[in-house]
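If you want the building blocks of each chain, they are given just below.
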Amino acid sequence: MKHLQYRTIAYISIILCCTTCTSFKSIFSDESTKNLLKLDNLITEELQNQNYDIIYSIPNNGYFVKAIINNNNIPMLLDTGASFTSLKLEYFDKYQLKHIDSLKDTTITTISVFGNSLVSFPAKADTLKIGSITLNPWPFLLKNTLATDAILGCDFLHFTKSIIICNPGILGISLNSKPANNLSNIIRNENSYKEVDLVMAHEQNYIKILQQYGDASKTLESGVLMVPITVNEISGFAIIDTGASYSMLDSHKIDINKNKITIYSRNYLQDAKGIKKTLHSITLDKFIIDKYNLSDNFKIAFHEMKNPDYIVNNKSVPILGLIGLDILYKNNAIIDFGNRKLYLQI
């Protein structure tokens, strides 16, 4: 049997699904809520004019979208912290998946955020349908342990030039695989929104499969999107992760007075192997995304993340943490995969 081992942090977000997730309750005034709804409507209308399908997610400890795999219905977690679309291994027969001929008898080892080794197996579905788009074939990584039944990862989001409106949880997918135009002008008309360029960490060990898309065929690419951050004068990157309930810093890479670390309410993290981790937090003087300070006395989760750095443009870049749903939802984030932009209301 062939055995290939790859190290990746593609499944950070799987491990960060907490048993009690950030509550998606409105924290805005009536006037700001009206302005937000107006902006959401403007964006969705513009996307529809550009041949985008608009899908409203189902909130349940994260954003879930309805999918059909080989004529079988399944909700999938919308997870920008996962490089790969994936399923539980036990669903291979249930969803009539097939082996990928060139990768038959191949296993891939991924490393979780807490350093656990997770074994996965590449496979493919004849069809994957989300909204009005049907892709054939579509590859999956099948994992023997997974925090949720199915994950919609960055491979799909890059391929469909997706737009994610984090509040209230809208997914826009391009029906012609073309990036959206003019969004920047619409969003920046809102004075409180800031635009940040995102960096993509290419996943070098991705499953090489030719994807039929309408009349065209493309080879898939994948990799998480990252944003520059600065914490206590230390600069690095954070992964944009809609699969993580909480934003998190790596205690191994940031020198912080450990006496300031406190228990983060009564919540905890549970990794893919069922091991529970106490969730701690730290209050920072400043937390800067790109050049924008989110707020003074910023509270954020804090944990040792046993992961290697990513390689971007042939250079190793330090990963200082994750930007999860607590920040993305509160700051009304909009994630543009086609143009690799992040918009935050600050």
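Residues numbered from 1 in each chain as written. Predicted model: local features only at pLDDT ≥ 70, side-chain atom pairs only at ≥ 80, totals over all residues. Heavy atoms only, no water.

Student: Hey, could you run me through the overall build of the protein chain in this one?
Tutor: Scanning the protein chain from terminus to terminus reveals 6 helices and 29 strands. In the protein chain, buried positions account for 55% of the 346 residues. Partitioning the contacts of the protein chain with sequence separation of at least 6, the portion at a separation of at least 24 is 70%. Only carbon and sulfur atoms are counted for the fraction: they give 46% of the accessible area of the protein chain, which is about 15,000 Å². (Helix = DSSP H or I, 4+ residues; strand = E, 2+ residues; numbered from the N terminus. Buried < 20%, exposed > 50% of the residue type's maximum accessible area, 1.4 Å probe, protein only. Contact = heavy atoms within 4.5 Å. Areas by Shrake-Rupley, 256 points an atom, 1.4 Å probe, with all protein chains shown as cover.)

Student: Is there a simple way to think about the packing of aromatic side chains in this case?
Tutor: When we look at a pair of aromatic rings, we describe it by the centre distance and by the angle of the planes. Under the counting rule described, the total for this entry stands at 4 aromatic pairs. When the ring of Trp138 is compared with that of Phe159, the centres are 6.1 Å apart and the planes differ by 65 degrees; the resulting orientation is edge-to-face. Residue Trp138 is found in strand 11 (residues 138-143), and its partner Phe159 is found in helix 4 (residues 154-159); the two are separated by 21 residues along the sequence. The same class applies to Trp138 and to Phe159, which are both buried. Aromatic side chains Phe287 and Phe298 sit 5.0 Å apart centroid to centroid with 5 degrees between the ring planes, which places their arrangement in the stacked category. Taken together, the positions of Phe287 in strand 23 (residues 276-289) and Phe298 in strand 24 (residues 292-303) put the pair 11 residues apart, joining distant regions of the chain. Residue classification places Phe287 among the buried positions, given a relative accessible area of 1%. Put simply, the rings of Trp138, Phe156 and Phe159 pair up and form one aromatic cluster. (Phe/Tyr/Trp six-rings, centres within 6.5 Å; stacked < 30°, edge-to-face > 60°.)

Student: Whenever I open this one, unusual backbone geometry confuses me. Can you help?
Tutor: What you tend to see is this: most non-glycine residues have negative phi, and most peptide bonds are trans. Here the bond from Asn136 into Pro137 is cis, since omega is -10 degrees, no more than 30 degrees from zero. Here Pro137 lies in the loop between strand 10 (133-135) and strand 11. The residue after Asn167, namely Pro168, is reached through a cis peptide bond having omega 25 degrees. On the secondary structure map, Pro168 appears in the loop between strand 13 (163-165) and strand 14 (170-174). Not every positive phi belongs to a glycine, and Asn71 is a case in point at roughly 70 degrees. Positionally, Asn71 belongs in the loop between strand 3 (63-69) and strand 4 (72-78). Even without being glycine, Asn332 reaches a positive phi, approximately 50 degrees. Here Asn332 lies in the loop between helix 6 (325-330) and strand 28 (334-336). A relative accessible area of 2% places Asn332 in the buried class.

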